[in-house]
Amino acid sequence: MDSPLLPAPRQRCRGAGEQERTVLFDRRATFWILYLPPLLWLGLFFIAPLVLMAAFSFRADMRGALLQWWTPTLQQYAAMLETPGYWRLLGISAVLALIIATSAVALAYPVAYFLAFRAGRRAGFYLVLLLVPFWTSYLLRVMAWKIMLGSEGVLNSFLLYTGLIREPLGALLYNRTAVVITLIYVWIPFAALPILAALQRIDLALFEAAFDLGATPLRRFLRVTLPLSLPGVLAAFFMVFIPTVGEYVTPLLVGGSRGSLYGNIIQDFFTKAANWPFGSALSMVMLAATLLLVALAARLVDVRRLIE
Amino acid sequence: MPPPRARFSLAASVLIVALLLAACTGAAAPTAIPPTSPPPTDVSPADLTGRLTVLDWAGYDAEDFWVDFKSTYPKVNVSFETGASDADIYARMKAGDQADIFHPYTGWLQFYVDEGLVKEIDTSQLKNWDKVPDHFKAIGQINGKQYFIPWDWGFTSILYRTDKVPEGIDSWAALLDPKFAGHISMWDDGPGAVTVSSYLHGYDEAAITSEQLAAIKTEWTAQRDLNLFYWAGEPELVEGMKSGDIWVAYAWQGAYALLLGEGVPVAYANPKEGRNSWVGVYGIRKGTENYDLALKFLDAKLAEATGNNVVNLFYYGHSNQDVMSGISDETLKQAFSIDDPNILQKTNFTPNLTVEQRDAWTAMWAEIKAGP
Amino acid sequence: MNARPGPSLLSGYYFGLIALLYLPIGVLFLFSINTNTSLSFPLQGLTLEWYQKLLDSEAVLRSARNSLIVAAGSSFAATALGTMVALLAVRYQFRSKGLLILLAVLPLIVPFIVLGVALLLLFRALQVELSLWTIGIAHTVVALPYTLLIVVARLAGFDPNLEEAAMDLGANYPTTLRRIILPIIFPAMVSAWLTAFTVSFDEFALALFLAGTEPTFPVYLFSQLRFANRLPIMVALAVLLMIGTLTLVVIAERLRRTE
């Protein structure tokens, strides 16, 4: 067969037992090589900062040096508990994130399918085409959309000119719907990626087998393709859902007065109020809530079984 | 065969990281700053070397805004760090930013003094100091000492489209007027809202009671239904006004001058309660090793060429009164109400907040935005 | 196989999406050749002066260069680390496995503001000066979940028999990894790299917090937004980057097709 499978010369003459030990040693050594870099990186640049912020959530106020020992207090969490508005907003943000993630994944699936099975050799090219717009400033792209959808923008001018509407459509921008639509639009290319990765590993022989057994394309999709692509679908769902709960940029740009989501509130406490303790408390609550949701979802879907 | 002791190594790594952190936090000594220039009296300005770091807002690193310093001391290396907001600048200074000079705005000044972050300024070293009017000098004084140098300033008032609001506007109440529902834009700032309400109802801004704050919260919660979007930066506001989405807005005169210059029909109100004014100041970090150089920088900031650029490029005012009286552009004269010599008497300057006020007013605003 | 009406529907869907994605960019392109300094219709005249001014603007080009450096560096690191964790997740059993995976995915949940502020504190505590490196480190952390998820999606359920066969034939584990597994997951790694690059290139919040004196493009753009007359130059840069990237991509595709 091909060269990668030929044994390396020096190992050819070893006995079976020694070979086994060597392989085990390599596997163990490889384990540490794979394990330590991510662990140390995450430990230093993620866990340590996170612990710092968690510590901040137990701080009474911002007075004095930032890095000092303080007596922990629960007053920030108490203040949060007393404000039902924040809990409501967290719930709303989670529900919206659910809607956005589900829609984005559903709308991304055909794209991934197209890339995996219809694009042929051009798949890589088409994939990159999808991502290139994201290397333009998001700010500028949204600005361009706002100009097109604004009350004196292109769309409204056209509709007014043709007489389809009498007054400019105000509902296109500056509300929650605009936020949801924008976010779905933005996430579709990203959501396609894990789905594509999963679709690519489906052995086409399975399709042939299905065809031979008389399955219609729809049946084949439902019984073969979809189940096998499920890890990718789930990965895509979580990839979109989790960060969207704390999203703040898009609500800021197109959400209007009522469009603020939970992430905006956190953002405000850090960048407007210089109130890190409360901002951290809000963040910790969001983290805990999201973790809870993800753990629940992972229970429903046996993630471990999917990975191994 | 499962690799052994993976859990232990995970715990050990975290522990090591924690220890590292604790060790470094404890004995923190300031990062070594390159040696400063020799005493000024020995070296001519053109040959003076050294370095300065300035923590400033976005855009102010452009040479136009320190052109006098650049031309007088060409060999001094000036680098800039960007702060995104007053809260950001304040937090960075608290976190131990090593910038020599920073640029906060009125409302936030007391915090720097209370936290011991700012050094008193020896104004006898500033040649341009006498060109600054007294009331501006007073704005930079906290607890009787000159901690800050006023630099840029401007008005806050109501900006409105004259074609959409032909009857004109004469009161801050316009921002809460149902007549303009869906076409109002308020600045995304809690203290700003408290300010407007205090003008409207005659509250003492420096002593807002909790009943008053509750009333303010109620009225701005209702206002939210009339408000199209809260603007966070002037470009957003300008685009909104230009596109006709916004008819009435809380605005600084920079936006006014910009829109006027583009031919959009706008006017800047003179509300009967009086306009608001804010002032941007520069302070020197306590513990800086470049104090003398920093003083020279601030002195140059007050000079004319720099001042003219602030006025012409940003449409903000400058604290040097020669610069202000030298304005000839009609648009700018209108924007600054130069022709009205009493305008500053009718203007309410933003007082400095206390920590309690800052926390309470920002929390109120967040609750309004989070409300149903 | 047999032709079906499906393909044209699917490709229509894909190209429809592409059209929607590129529409705002088309609009931006129109503005970049517009003589008017504000972004509005109707266009007032055609000009290339913004591109000219762009090429003269050292600060703008430097910010673009900074973004490229940070994105390239962080995406390589994120892909490497993500692949490592993916391999561990699918191929090994160890007690802290769940914890490691959770850790690697956790950055998704943490708001960028929080991470930015926290990292700022950390770097101050460690006396590390803010620079492009600090931004790059932050970007690696936030891109890691994406690279991990993409590579895992490819690797999951991957037939272990191939590896066993290789090892039965005498290859040691690193060789097996290198010559069997890596080539097969390579497309996923490229996808992951692209994603990480994309995440980093236009990232603003972390870049703002952790920047020293060298801004990345989004941060620079933000700072220039206050000058209405500078906006067309920024738009010109954005369009130029877009055209440059598209050209590279098309050339790569052409090269691949001639092979």
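All of these numbers come straight from a predicted model, not from anything done at the bench. (Residues numbered from 1 in each chain as written. Chains lettered and ligands numbered in written order. Predicted model: local features only at pLDDT ≥ 70, side-chain atom pairs only at ≥ 80, totals over all residues.)

**Student:** What exactly am I supposed to notice about the overall build of chain A here?
**Tutor:** When its secondary structure is counted, chain A shows 13 helices and 0 strands. Burial status across chain A gives 47% buried among its 308 residues. (Helix = DSSP H or I, 4+ residues; strand = E, 2+ residues; numbered from the N terminus. Buried ≥ 20, exposed ≤ 12 C-beta atoms within 10 Å, placed from the backbone.)

**Student:** Looking at this model, I keep getting lost on the overall build of chain C. Mind explaining?
**Tutor:** Along its length, chain C carries 11 helices and 0 strands. Its C-alpha atoms give chain C principal-axis dimensions of roughly 70 × 65 × 30 Å. If you take every contact in chain C between residues at least 6 apart in sequence, the share linking residues at least 24 apart comes to 77%. (Contact = placed C-beta atoms within 7 Å.)

**Student:** I would appreciate a short explanation of the interface of chain A and chain C in the present structure.
**Tutor:** One frequently used descriptor of interface size is the decrease in accessible area upon assembly of the parts. Listed per partner, the contact involves 85 residues of chain A and 83 residues of chain C. With 21 residues, helix α1 (residues 16-56) of chain A is the single largest residue contributor to the side of chain A that touches chain C. Residue composition of the side of chain A that touches chain C, grouped by class: 64 nonpolar, 14 polar and 7 charged. (Nonpolar A, V, L, I, M, F, W, Y, C, P; charged D, E, K, R; others polar.)

**Student:** When you look at the pairing of strand β7 (residues 148-161) of chain B in this model, what are you seeing that I'm missing?
**Tutor:** Strand residues, when the strand is regular, have side chains that alternate between the two faces of the sheet. All names here are of chain B. Judged by how many residues are buried, β7 sits mostly within the fold: 14 of 14 residues are covered. Alignment of β7 against strand β11 (residues 276-285), held across 8 bridges, turns out to be antiparallel. Across the sheet, Phe155 pairs through a bridge with Ser277, a residue of β11. Relative to strand β12 (residues 317-318), β7 runs antiparallel, the two being bridged by 2 bridges. For Asp152, the partnering residue across the bridge sits in β12 and is His318. Sheet analysis places β7 next to strand β9 (residues 248-252), joined by 5 bridges and oriented antiparallel. If you follow Tyr160 over to β9, its bridge partner there is Val248. Bridging between β7 and strand β10 (residues 266-268) involves 3 bridges; their strand directions are antiparallel. (Pairing = 2+ DSSP bridges.)

**Student:** Just to check I follow, could you spell out the packing of helix α3 (residues 84-118) of chain A against helix α7 (residues 176-200) of chain A for this structure?
**Tutor:** In a pair of packed helices, the angle between the axes and the distance between the axes together describe the arrangement. Residues and elements named next belong to chain A. As a packed pair, α3 and α7 sit with axes 6 Å apart at the nearest point and diverge in direction by 50°. Here α3 lies oblique to α7, going by the angle between them. With respect to the hand of their crossing, α3 and α7 are arranged in right-handed fashion. Of the residues assigned to the contact of α3 with α7, the class counts are 23 nonpolar, 2 polar and no charged. (Axes fitted to C-alpha atoms, helices over the stretch in contact; angles between N-to-C directions. Parallel < 35°, antiparallel > 145°, perpendicular 65-115°, else oblique. Left-handed = near helix turned anticlockwise from the far one by under 90°.)

**Student:** Sorry if this is basic, but what is going on with the nonpolar core here?
**Tutor:** Note that soluble globular proteins tend to have their nonpolar side chains buried in a common cluster. Membership of the largest hydrophobic core comes to 294 residues, with the highest contact counts inside it found for Ala108(A), Ala112(A), Ala191(A), Ile195(A), Val240(A), Ile158(B) and Val248(B). When sequence neighbours within four positions are dropped, the list of residues in contact with Val240(A) reads Ile100(A), Ala101(A), Ala104(A), Val105(A), Trp187(A) and Ala191(A). (Core = buried A, V, L, I, M, F, W, Y, C linked by C-beta atoms within 7 Å.)

**Student:** Would you mind showing me how to read α7(A) here?
**Tutor:** Counting along an α-helix, one turn takes 3.6 residues, and residues three or four places apart therefore face a common direction. Residues and elements named next belong to chain A. Look at α7: 36 Å from first C-alpha to last across 25 residues, which is about the 36 Å you get at 1.5 Å a residue. When the local axis directions of α7 are compared, the greatest deviation, roughly 40°, occurs at Ile188, which is followed within four positions by the proline Pro189. For α7, a buried count of 21 out of 25 residues is recorded, marking the element as mostly surrounded by other parts of the structure. (Expected span 1.5 Å × (residues − 1). Bend = angle between axes of the 7 residues up to and from the residue.)

**Student:** Mind showing me how you'd approach the confidence of the model for chain A here?
**Tutor:** Detailed reading of the predicted coordinates is not advisable wherever pLDDT is low. Residues and elements named next belong to chain A. Per-residue confidence for chain A gives a mean pLDDT of 83; residues scoring 70 or more make up 89%. The element-level mean pLDDT for chain A is lowest in helix α13 (residues 303-307), coming to 56, with α3 highest at 94. Here residues 1-14 scores under 50 on pLDDT; set against residues more than four positions off or in separate chains, the count is 14 contacts. (pLDDT = per-residue confidence, 0-100.)

**Student:** How should I be thinking about the pairing of strand β2 (residues 76-83) of chain B in this particular structure?
**Tutor:** Residues and elements named next belong to chain B. Examined bridge by bridge, strand β1 (residues 50-57) and β2 share 8 bridges and lie parallel to one another. When the sheet's bridge partners are listed, Asp56 is paired in β2 with Thr82. Following the backbone out of β1, through helix α2 (residues 67-72) and into the adjacent parallel β2, one traces a crossover that is right-handed. (Right-handed = clockwise from strand over helix to strand, strands pointing away.)

**Student:** Quick question: what am I supposed to make of unusual backbone geometry here?
**Tutor:** Negative phi characterises most residues that are not glycine, and trans characterises most peptide bonds. Even without glycine at this site, Asn143(B) takes up a positive phi of about 55°. Notably, Gln127(C) is not glycine yet its phi reads approximately 60°, a positive angle. If you trace the backbone, Gln127(C) turns up in the loop between α5 (112-125) and α6 (132-155).

**Student:** Looking at this structure, how should I read the packing of helix α8 (residues 234-242) of chain B against helix α9 (residues 253-261) of chain B?
**Tutor:** Residue and element names in this part refer to chain B. Relative orientation of the contacting elements α8 and α9 amounts to 45°, with a least axis distance of 10 Å. In terms of axis orientation, α8 runs oblique to α9. The handedness of the crossing between α8 and α9 is right-handed. Across from Glu234, Leu237, Val238, Met241 and Lys242 in α8, the residues of α9 making contact are Gly254, Ala255, Leu258 and Leu259. Grouping the constituent residues of the contact of α8 with α9 by class yields 6 nonpolar, 1 polar and 2 charged.

**Student:** How should I be thinking about the confidence of the model for chain C in this particular structure?
**Tutor:** Residues and elements named next belong to chain C. For chain C, the mean per-residue pLDDT works out to 83, and 92% of the residues sit at or above 70. The secondary structure element of chain C with the lowest average pLDDT is helix α7 (residues 160-168), at 76, and the one with the highest is helix α3 (residues 58-91), at 91. Taken together, the stretch residues 1-5 has pLDDT below 50 and engages in 1 contact with residues farther than four places along the chain or on a different chain. With pTM at 0.83, the complex prediction returns an ipTM value of 0.82.

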